[in-house]
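What follows is each chain in one-letter form.
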Amino acid sequence: MKIVKLRDKVNKTILSVALFFLISPIIGLITGTAHQLGTTGSDYQQASLIDDPEQYWQIIIMQLTITLAIGIQGFITFPALIAARQKILKFRDNNKIVANIIFYLLTPIFFIALLIFLIYLFEV
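Keep in mind the model is a prediction, meaning the values are calculated, not measured.

Draft legend 1. Spatial organisation of the overall build of the protein chain. For the protein chain, the helix and strand inventory stands at 4 helices and 4 strands. Overall, the protein chain shows an N-to-C arrangement of helices and strands of β-α-β-β-α-β-α-α. Look at the contacts in the protein chain between residues 6 or more apart in sequence, and 61% of them connect residues 24 or more apart. Accessible surface, the protein chain as shown: approximately 10,000 Å² in total, 70% of it carbon and sulfur. Of the side chains in the protein chain, 10 bear a positive and 7 a negative charge, and the two mean positions are spaced by 28 Å.

Draft legend 2. Just the layout of surface pockets, in detail. Within this model, the largest pocket holds a volume of roughly 250 Å³. For the largest pocket, the full set of lining residues is Phe 20, Phe 21, Ser 24, His 35, Gln 36, Leu 37, Met 62, Gln 63, Ile 66 and Thr 67. Those elements that provide at least two residues to the lining of the largest pocket are helix 1 (12–31), strand 2 (33–36) and helix 2 (53–72). The element contributing the most residues to the lining of the largest pocket is helix 2, with 4 residues.

Draft legend 3. Examining the nonpolar core more closely. Ala 34, Ala 47, Tyr 56, Ile 59 and Ile 60 together form the largest nonpolar core, which totals 5 residues. If we ignore the near neighbours within four places in the chain, the residues touching Ala 34 are Gly 28, Gln 45, Gln 46, Ala 47, Tyr 56, Ile 59 and Ile 60.

Draft legend 4. Structural view of the packing of aromatic side chains. Across all of its chains, the model carries 3 aromatic pairs by this definition. Their ring planes at 85° and their centres at 6.1 Å tell us that Phe 20 and Phe 21 sit as a pair that is edge-to-face. Given a relative accessible area of 58%, Phe 20 falls into the exposed group. Seen from their ring centres, Phe 110 and Phe 111 are 5.3 Å apart, and the 70° between their planes marks the pair as edge-to-face.

Draft legend 5. Highlighting the side chain of Thr 77. With respect to the secondary-structure elements, Thr 77 resides in strand 4 (residues 76–77). Non-local contacts of Thr 77, meaning those with residues more than four positions away in its chain, are made with Ile 3, Val 4, Lys 5, Arg 7 and Ile 82.

Draft legend 6. Spatial organisation of a nonpolar patch on the surface. Judged by side-chain polarity, Phe 91, Ile 97, Val 98, Ile 101, Ile 102, Leu 105, Leu 106 and Ile 109 come together as a nonpolar surface patch covering roughly 710 Å² of accessible area. Residue placement: Leu 105 occurs in helix 4 (residues 96–122). Taking relative accessible area as the criterion, Leu 105 reaches 46% and is therefore assigned partly exposed.

Draft legend 7. Highlighting the packing of helix 1 against helix 2. At their nearest, the axes of helix 1 and helix 2 sit 8 Å apart, and the two run at 165° to each other. As far as their axial angle goes, helix 2 and helix 1 are roughly antiparallel. Once helix 1 is placed against helix 2, the crossing between them reads as left-handed. Contacts between helix 1 and helix 2 pair Ile 14, Leu 15, Val 17, Ala 18, Phe 21, Leu 22, Ser 24, Pro 25, Gly 28 and Leu 29 from the former with Tyr 56, Trp 57, Ile 60, Gln 63, Leu 64, Ile 66, Thr 67, Ile 70 and Gly 71 from the latter. A class-by-class count of the residues in the contact of helix 1 with helix 2 yields 14 nonpolar, 5 polar and no charged.

Definitions and cut-offs
- Residues numbered from 1 in each chain as written.
- Predicted model: local features only at pLDDT ≥ 70, side-chain atom pairs only at ≥ 80, totals over all residues.
- Heavy atoms only, no water.
- Helix = DSSP H or I, 4+ residues; strand = E, 2+ residues; numbered from the N terminus.
- Contact = heavy atoms within 4.5 Å.
- Areas by Shrake-Rupley, 256 points an atom, 1.4 Å probe, with all protein chains shown as cover.
- Lys, Arg positive; Asp, Glu negative; His and termini not counted.
- Charge placed at Lys NZ, Arg CZ, Asp CG, Glu CD.
- 1 Å grid on protein atoms, 1.4 Å probe; cavity = no way out; pocket = protein on both sides within 12 Å on 5 of 7 lines; lining within 4 Å.
- Points joined across faces, edges and corners; volume = space filled by probe spheres on them.
- Core = buried A, V, L, I, M, F, W, Y, C linked by side-chain atoms within 4.5 Å.
- Buried < 20%, exposed > 50% of the residue type's maximum accessible area, 1.4 Å probe, protein only.
- Phe/Tyr/Trp six-rings, centres within 6.5 Å; stacked < 30°, edge-to-face > 60°.
- Patch = residues over 30% accessible without salt bridge, like charges linked within 9 Å, V, L, I, M, F, W, Y side chains within 5 Å.
- Salt bridge = Lys/Arg side-chain N within 4 Å of Asp/Glu carboxyl O.
- Axes fitted to C-alpha atoms, helices over the stretch in contact; angles between N-to-C directions.
- Parallel < 35°, antiparallel > 145°, perpendicular 65-115°, else oblique.
- Left-handed = near helix turned anticlockwise from the far one by under 90°.
- Nonpolar A, V, L, I, M, F, W, Y, C, P; charged D, E, K, R; others polar.

What follows is the structure, encoded as structure tokens:
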């Protein structure tokens, strides 16, 4: 099974989302001021090409990389991930009790333990 496969037809919805994400770096390149929105309003960042060129180019390159990654997904698909998802859904339908224990109890415990381990490892 292939991991990556070209789509038979280009997904125009994904490409339109990529074009939407391309607006911010284009405005930043035209005005000389890069804007970066965070998950909340307090994470908003702004960098000027004149005042802080390193941060400006970092924001522009990050935005262009995200846009490129979204745009590439309009042309390719991941059959291995789709097949894995179908197998997980089939397993969940056939084994409801075991699946609920694994997905809703063991998985969060694993990720919390991993987070605690990483905090301990890096001494944050």
